[in-house]
Amino acid sequence: MQQIKELLDTSKRCNVWLRIDKHYLNVYVRITERCLNGIMHRTLDVATVEVDRRHQCQGHFTNFLTEIEKLAEEYRRVVYVESICRDFLFDFLDRRGYKVMTPDTRSLAKSFK
């Protein structure tokens, strides 16, 4: 997660594939700004996540997401999870407080105040 923290520390927009060994996953993240419900927000986007097949269904994505949310809160960013393809993931994020912020998309966001 140090990799993502370092990206946030630069305050520059970027997008990059990262390997997070501790959670057995590859993730495509974006540090940017986006208009959500008509308001510009600084966001930490999670665009694609690939959990190693041998480690799926063991809570690694949940643990990763918890750490992402802590970083977003610390850096005053909205976590934006885009293009959610699987219904169970959409429901999971909804239960964690994520909301549809861009109508007609399968993307959810969670804001920290």
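Coordinates for the structure precede this section.
Because the structure is a prediction, the values reported are computed rather than measured. (Residues numbered from 1 in each chain as written. Predicted model: local features only at pLDDT ≥ 70, side-chain atom pairs only at ≥ 80, totals over all residues. Heavy atoms only, no water.)

(A) Structural context of the packing of aromatic side chains. Here the structure, examined in full by the defined rule, presents three aromatic pairs. For the pair Phe-61 and Phe-92, a centre-to-centre distance of 6.2 Å together with 55° between the ring planes defines the contact as tilted. One end of the pair, Phe-61, is in helix 2 (residues 60–74); the other, Phe-92, is in helix 3 (residues 87–95), and 31 residues separate them in sequence. Each member of the pair, Phe-61 as well as Phe-92, carries the same accessibility label: buried. Here the aromatic cluster, defined as three or more aromatic residues joined through ring pairs, consists of Phe-61, Phe-64 and Phe-92. Here Arg-34 stacks its cationic end above the ring of Tyr-80, 3.9 Å away from the centre of that ring. Directly above the aromatic system of Phe-90 lies the positively charged group of Arg-106, at a separation of 4.3 Å from the ring centroid. (Phe/Tyr/Trp six-rings, centres within 6.5 Å; stacked < 30°, edge-to-face > 60°. Helix = DSSP H or I, 4+ residues; strand = E, 2+ residues; numbered from the N terminus. Buried < 20%, exposed > 50% of the residue type's maximum accessible area, 1.4 Å probe, protein only. Lys NZ or Arg CZ within 6 Å of the ring centre and 35° of its normal.)

(B) Region of the structure containing unusual backbone geometry. Its identity is not glycine, yet Tyr-24 carries a phi of approximately 55°, on the positive side. In this structure, Tyr-24 sits in the loop between strand 1 (14–20) and strand 2 (25–36). Take Tyr-24: its relative accessible area is 31%, and that puts it in the partly exposed class. Although it is not a glycine, Cys-57 sits at a positive phi angle of roughly 65°. Here Cys-57 is to be found in the loop between strand 3 (39–51) and helix 2.

(C) Just the nonpolar core, in detail. If you look at the biggest cluster of nonpolar residues, it comprises 29 residues, and the most contacted ones within it are Ile-4, Val-27, Phe-64, Ile-68 and Leu-93. Looking at this core, the elements that each hand over two or more residues are helix 1 (2–10), strand 1, strand 2, strand 3, helix 2, strand 4 (78–81) and helix 3. Every residue in contact with Val-27, bar those within four places of it in the chain, is listed here: Val-16, Trp-17, Leu-18, Ile-20, Val-46, Thr-48, Val-49 and Phe-64. In this structure, Val-78, Tyr-80, Met-101 and Ala-109 belong to the second largest nonpolar core, which totals five residues. (Core = buried A, V, L, I, M, F, W, Y, C linked by side-chain atoms within 4.5 Å. Contact = heavy atoms within 4.5 Å.)

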